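# Summary of the model geometry
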Amino acid sequence: MDERNDYNQIPEQPKEIEVTRLEVINHAKNDKPIGRILTLYKELGDFKSIELCYQDGKRTLKIFLN
(Lines give C-alpha, C1' and ligand atoms only; values in the text may rest on other atoms or scores of the structure.)
Protein backbone atom coordinates (compact mmCIF):
# COMPACT_ATOMS: atom_id res chain seq x y z
CA MET A 1 0.00 0.00 0.00
CA ASP A 2 1.20 3.52 -0.78
CA GLU A 3 2.22 5.11 2.54
CA ARG A 4 0.44 8.36 1.60
CA ASN A 5 -2.88 6.49 1.73
CA ASP A 6 -2.25 4.48 4.91
CA TYR A 7 -4.51 6.31 7.33
CA ASN A 8 -3.50 4.02 10.20
CA GLN A 9 -0.02 5.55 10.23
CA ILE A 10 0.49 8.63 12.39
CA PRO A 11 3.04 10.90 10.68
CA GLU A 12 5.33 13.11 12.69
CA GLN A 13 3.66 16.50 13.01
CA PRO A 14 4.89 19.83 14.35
CA LYS A 15 4.05 20.32 18.01
CA GLU A 16 2.19 23.55 17.26
CA ILE A 17 0.45 24.45 14.03
CA GLU A 18 -2.25 26.99 13.17
CA VAL A 19 -5.51 25.11 12.56
CA THR A 20 -8.43 27.25 11.43
CA ARG A 21 -10.93 24.54 10.41
CA LEU A 22 -11.82 21.15 11.84
CA GLU A 23 -13.67 18.62 9.67
CA VAL A 24 -14.85 15.15 10.57
CA ILE A 25 -15.58 13.03 7.50
CA ASN A 26 -17.12 9.57 7.67
CA HIS A 27 -15.85 7.08 5.10
CA ALA A 28 -16.58 4.07 7.30
CA LYS A 29 -19.27 1.50 6.56
CA ASN A 30 -21.44 2.15 9.60
CA ASP A 31 -24.88 3.52 10.43
CA LYS A 32 -23.66 7.16 10.44
CA PRO A 33 -24.14 9.48 7.44
CA ILE A 34 -21.47 9.21 4.74
CA GLY A 35 -19.36 12.30 4.13
CA ARG A 36 -18.73 15.42 6.17
CA ILE A 37 -20.51 15.12 9.52
CA LEU A 38 -18.92 18.06 11.38
CA THR A 39 -17.22 21.31 10.34
CA LEU A 40 -16.05 23.96 12.83
CA TYR A 41 -14.32 27.27 12.01
CA LYS A 42 -11.93 29.24 14.21
CA GLU A 43 -12.87 32.47 12.39
CA LEU A 44 -16.54 31.96 13.35
CA GLY A 45 -15.65 31.45 17.01
CA ASP A 46 -16.38 27.71 17.07
CA PHE A 47 -13.04 27.20 18.85
CA LYS A 48 -9.89 29.10 19.86
CA SER A 49 -7.45 26.18 19.77
CA ILE A 50 -7.37 22.44 19.14
CA GLU A 51 -5.36 19.88 21.09
CA LEU A 52 -4.93 16.28 19.98
CA CYS A 53 -4.25 13.53 22.49
CA TYR A 54 -3.44 9.89 21.65
CA GLN A 55 -4.29 7.35 24.34
CA ASP A 56 -4.49 3.59 24.77
CA GLY A 57 -1.35 2.88 22.79
CA LYS A 58 -2.44 5.27 20.03
CA ARG A 59 -5.73 3.42 19.57
CA THR A 60 -7.79 6.39 20.78
CA LEU A 61 -7.60 9.93 19.41
CA LYS A 62 -9.18 12.64 21.55
CA ILE A 63 -9.73 16.15 20.17
CA PHE A 64 -10.02 18.93 22.71
CA LEU A 65 -11.49 22.24 21.55
CA ASN A 66 -10.76 25.30 23.67
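Above this note sits the structure.
Nothing here was measured: the structure is a model prediction, and the numbers come from that model.

When helices and strands are counted, the protein chain shows 0 helices and 4 strands. Taking all contacts inside the protein chain whose residues are at least 6 apart in sequence as the whole, residues at least 24 apart take part in 19%. Of the roughly 6,400 Å² of accessible surface on the protein chain, 50% is carried by carbon and sulfur atoms.

Here the focus is the pattern of salt bridges. Across all of its chains, the model carries 4 salt bridges by this definition. Between Glu 23 and Arg 21 there is a salt bridge; the shortest N-O distance is 3.0 Å. A relative accessible area of 30% means that Glu 23 is categorised as partly exposed. Glu 23 is the salt-bridge partner of Arg 36, the closest N and O atoms lying 3.5 Å from each other. Taken together, the residues Arg 36 in strand β2 (residues 35-41) and Glu 23 in strand β1 (residues 21-26) connect sequence positions 13 residues apart. Here Arg 36 falls in the exposed class, since its relative accessible area comes to 54%. Ionic contacts of the salt-bridge type, sharing partners, join the residues Arg 21, Glu 23 and Arg 36 into one network.

Bringing the environment of Thr 20 into the picture now. By secondary structure assignment, the location of Thr 20 is in the segment before β1. Residues Thr 20 and Asp 46, 26 residues apart in the sequence, show an inter-C-alpha distance of 9.8 Å. Beyond its immediate chain neighbours, meaning those up to four positions away, Thr 20 contacts Leu 40, Tyr 41, Lys 42, Glu 43 and Phe 47.

So, about the environment of Gly 35. Note on placement: Gly 35 falls in strand β2. Measuring from C-alpha to C-alpha, the distance between Gly 35 and Ile 25 comes to 5.1 Å, with 10 residues separating the pair along the chain.

Residues Leu 52, Tyr 54, Leu 61, Ile 63 and Leu 65 make up a contiguous nonpolar surface patch of roughly 450 Å² in combined accessible area. Mapped onto the nonpolar patch, the elements with two or more residues apiece are β3 (50-55) and β4 (60-65). A total of 3 residues in the nonpolar patch trace back to one element, the largest contributor, which is β4. By the secondary structure assignment, Leu 65 is in strand β4.

Calculation criteria
- Residues numbered from 1 in each chain as written.
- Predicted model: local features only at pLDDT ≥ 70, side-chain atom pairs only at ≥ 80, totals over all residues.
- Heavy atoms only, no water.
- Helix = DSSP H or I, 4+ residues; strand = E, 2+ residues; numbered from the N terminus.
- Contact = heavy atoms within 4.5 Å.
- Areas by Shrake-Rupley, 256 points an atom, 1.4 Å probe, with all protein chains shown as cover.
- Salt bridge = Lys/Arg side-chain N within 4 Å of Asp/Glu carboxyl O.
- Buried < 20%, exposed > 50% of the residue type's maximum accessible area, 1.4 Å probe, protein only.
- Patch = residues over 30% accessible without salt bridge, like charges linked within 9 Å, V, L, I, M, F, W, Y side chains within 5 Å.

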